[in-house]
Amino acid sequence: QVQLVESGGGLVQAGGSLRLSCKASGRTLSSYTMGWFRQAPGKEREFVGQSSWRGFTSYAESVKGRFSISRDNANNMVYLQMNSLKPEDTAVYYCAAGTTWSSLPRAYSYWGQGTQVTVSS
């Protein structure tokens, strides 16, 4: 069993930056694909980006060039650095762990509880 806990959410002005953290307990993250997703009120859960066990990344077009994922497998930590934030980035952000390379939520087996990110105009 893997437990994931996100932190670092909060209120930030448009154009600002925020770094989210995801701490894992249980099995090591070293062999997992780590994904970040977000869900705004009334919206479906949306893919943000993912990182392979070796650190390769891909991102949704909406965040490409602004967000970046990094991971510290030795410490079971994954990060989402968010720059140039926009009001439309406001959502609950979730980290997830899976065993495949996919942008689909159903491909991920483990999920955190989410952390709220609010971007003001």
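In case you missed it, the structure is sitting above this.
Model, not experiment: these values are computed from the prediction. (Residues numbered from 1 in each chain as written. Predicted model: local features only at pLDDT ≥ 70, side-chain atom pairs only at ≥ 80, totals over all residues. Heavy atoms only, no water.)

## Brief notes about the sheet that holds strand 1 (residues 2–7)
Sheet architecture is open: four strands sit in the order 1-3-8-7, paired in antiparallel fashion. The open sheet has two free edges, formed respectively by strand 1 and strand 7 (67–72), since each of these has just one partner strand. For this sheet, the mean inter-axis angle between neighbouring strands, taken without regard to orientation, is 20°. Sheet analysis places strand 7 next to strand 8 (residues 77–82), joined by six bridges and oriented antiparallel. When the bridges of strand 8 are listed, Arg71 appears paired with Val78. (Pairing = 2+ DSSP bridges. Helix = DSSP H or I, 4+ residues; strand = E, 2+ residues; numbered from the N terminus. Axes fitted to C-alpha atoms, helices over the stretch in contact; angles between N-to-C directions.)

## Things to note about the pairing of strand 9 (residues 91–98)
Moving residue by residue along a regular strand, the side chains alternate between the two faces of the sheet. Judged by how many residues are buried, strand 9 sits mostly within the fold: seven of eight residues are covered. The pairing of strand 4 (residues 33–39) with strand 9 spans seven bridges and is classified as antiparallel. Within strand 9, the residue paired with Arg38 across the bridge is Tyr93. Pairing analysis gives three bridges linking strand 9 to strand 11 (residues 115–120), with the strands arranged antiparallel. By the bridge assignment for strand 11, Val92 is matched with Gln116. Strand direction decides the pairing type here: strand 9 and strand 10 (residues 108–111), joined by three bridges, are antiparallel. By the bridge assignment, Gly98 is partnered in strand 10 with Tyr108. (Buried < 20%, exposed > 50% of the residue type's maximum accessible area, 1.4 Å probe, protein only.)

## Notes on the side chain of Arg71
Note on placement: Arg71 falls in strand 7. Here Arg71 sits buried without a salt bridge, and the closest side chain of opposite charge, Asp72, lies 8.6 Å off (N-O distance). A polar contact of 2.8 Å, which involves the side chain of Arg71, links it to the side chain of Asn73. (Lys, Arg positive; Asp, Glu negative; His and termini not counted. Salt bridge = Lys/Arg side-chain N within 4 Å of Asp/Glu carboxyl O. Polar contact = N/O pair within 3.5 Å; in protein donor to acceptor, adjacent residues only side chain to side chain.)

## Some details on unusual backbone geometry
Not every positive phi belongs to a glycine, and Asn76 is a case in point at roughly 55°. Structurally, Asn76 is set in the loop between strand 7 and strand 8. Taking relative accessible area as the criterion, Asn76 reaches 14% and is therefore assigned buried. Phi is positive for Ser84, close to 50°, though the residue is something other than glycine. With respect to the helices, strands and loops of the structure, Ser84 is situated in the loop between strand 8 and strand 9. The class of Ser84 is partly exposed, set by a relative accessible area of 41%.

Note that every value here comes from positions in space, so none of it alone points to a role or purpose.
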